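# Structure at a glance
Given next are the chains, with one letter for each unit.
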Amino acid sequence: MDQGVHFLTLATPDLDAARRFYRDGLGWVPLHDEPGEILFFQVAPGLVLGFFDAAKFDQDLGAEGSRPAAAADRGASGLTLSHNVAHREDVVTTLAALEAAGGTILKSAREGDFGGVFHGHAADTNGIVWEIAHNPAWRVDEDGIVSFG
């Protein structure tokens, strides 16, 4: 298998809330929107973020009725999404945009405990946790390769 990921697909208990948050609140442009089923956004070259209605996701897996409690009810679900910004002040403004779109600030912008990062956390309307961070050691070269240091 080639080392790569092409889709990050998250089961979401309320697809309409995800649409209102990402498309209407944040202004993201959907790559594909299938009402009642799935919503895709191109987030990087060759990478798509998808929100799949949880009931439909379970049906697709053949696991109806197996969905655990919503992530919002039990904290982080083992998956967080991160968005790195160019400047420290962008952490504050991006968190404000997430909150204005209907999200919840979980941790206000502050110095991190490691690595010189300045960051904060917010949850979208379905409890999906986003870290917004400025890390001066974070670099992406012309080929899209990430390096730290």
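Note that the structure is a prediction, hence the values are computed from the model and not measured. (Residues numbered from 1 in each chain as written. Predicted model: local features only at pLDDT ≥ 70, side-chain atom pairs only at ≥ 80, totals over all residues. Heavy atoms only, no water.)

### Looking at the overall build of the protein
Check the secondary structure of the protein and you find four helices and ten strands. Starting at the N terminus, the α and β elements of the protein follow one another as β-α-β-β-β-α-α-β-α-β-β-β-β-β. Looking at the protein as a whole, 31% of its 149 residues qualify as buried. Partitioning the contacts of the protein with sequence separation of at least 6, the portion at a separation of at least 24 is 43%. Taken as a whole, the protein presents about 9,000 Å² of accessible surface, with 53% of it coming from carbon and sulfur. (Helix = DSSP H or I, 4+ residues; strand = E, 2+ residues; numbered from the N terminus. Buried < 20%, exposed > 50% of the residue type's maximum accessible area, 1.4 Å probe, protein only. Contact = heavy atoms within 4.5 Å. Areas by Shrake-Rupley, 256 points an atom, 1.4 Å probe, with all protein chains shown as cover.)

### Comments concerning the pattern of salt bridges
Here the structure, examined in full by the defined rule, presents five salt bridges. E111 is the salt-bridge partner of R88, the closest N and O atoms lying 2.7 Å from each other. On the criterion of sequence distance, the pair formed by R88 in helix α4 (residues 88–100) and E111 in strand β6 (residues 104–111) is long-range, its members being 23 residues apart. Overall, the relative accessible area of 45% leaves E111 in the partly exposed class. Each of the salt bridges in this network shares a partner with another, and the network as a whole consists of D16, R19, R23, D24 and D33. (Salt bridge = Lys/Arg side-chain N within 4 Å of Asp/Glu carboxyl O.)

### With respect to the confidence of the model for the protein
Averaged over all residues, the pLDDT of the protein equals 85, while 89% of them reach at least 70. Considering only residues more than four positions removed or in separate chains, one finds that residues 66–76, a stretch of pLDDT under 50, has ten contacts. (pLDDT = per-residue confidence, 0-100.)

### Considerations on the packing of aromatic side chains
Scanning all chains against the criterion turns up ten aromatic pairs. When the ring centre of F118 is taken as origin, the NZ or CZ atom of R88, which lies over that ring, is 4.0 Å away. (Phe/Tyr/Trp six-rings, centres within 6.5 Å; stacked < 30°, edge-to-face > 60°. Lys NZ or Arg CZ within 6 Å of the ring centre and 35° of its normal.)

### Topic: the sheet that holds strand β7 (residues 118–123)
With mixed pairing, the four strands of this open sheet are ordered in space as β5-β8-β7-β6. Each edge of the open sheet carries a strand with a single partner, namely β5 (80–84) and β6. Neighbouring strand axes in the sheet, compared pairwise and without regard to direction, differ in orientation by 15° on average. Bridging between β5 and strand β8 (residues 129–134) involves five bridges; their strand directions are parallel. Within β8, the residue paired with L81 across the bridge is W130. Lying on the sheet, α4 is in contact with β5, β6, β7 and β8; it crosses β7 at an angle near 5°. (Pairing = 2+ DSSP bridges. Axes fitted to C-alpha atoms, helices over the stretch in contact; angles between N-to-C directions.)

### Here's the deal with the sheet that holds strand β3 (residues 38–44)
If you walk across this open sheet you meet the four strands as β1-β4-β3-β2, and the pairing is mixed. Edge positions in the open sheet fall to β1 (7–12) and β2 (32–34), since each of these has one partner strand only. Sheet twist, expressed as the average angle between the axes of neighbouring strands with direction ignored, equals 15°. As judged from the six bridges shared by β1 and strand β4 (residues 47–53), these two strands associate in the parallel manner.

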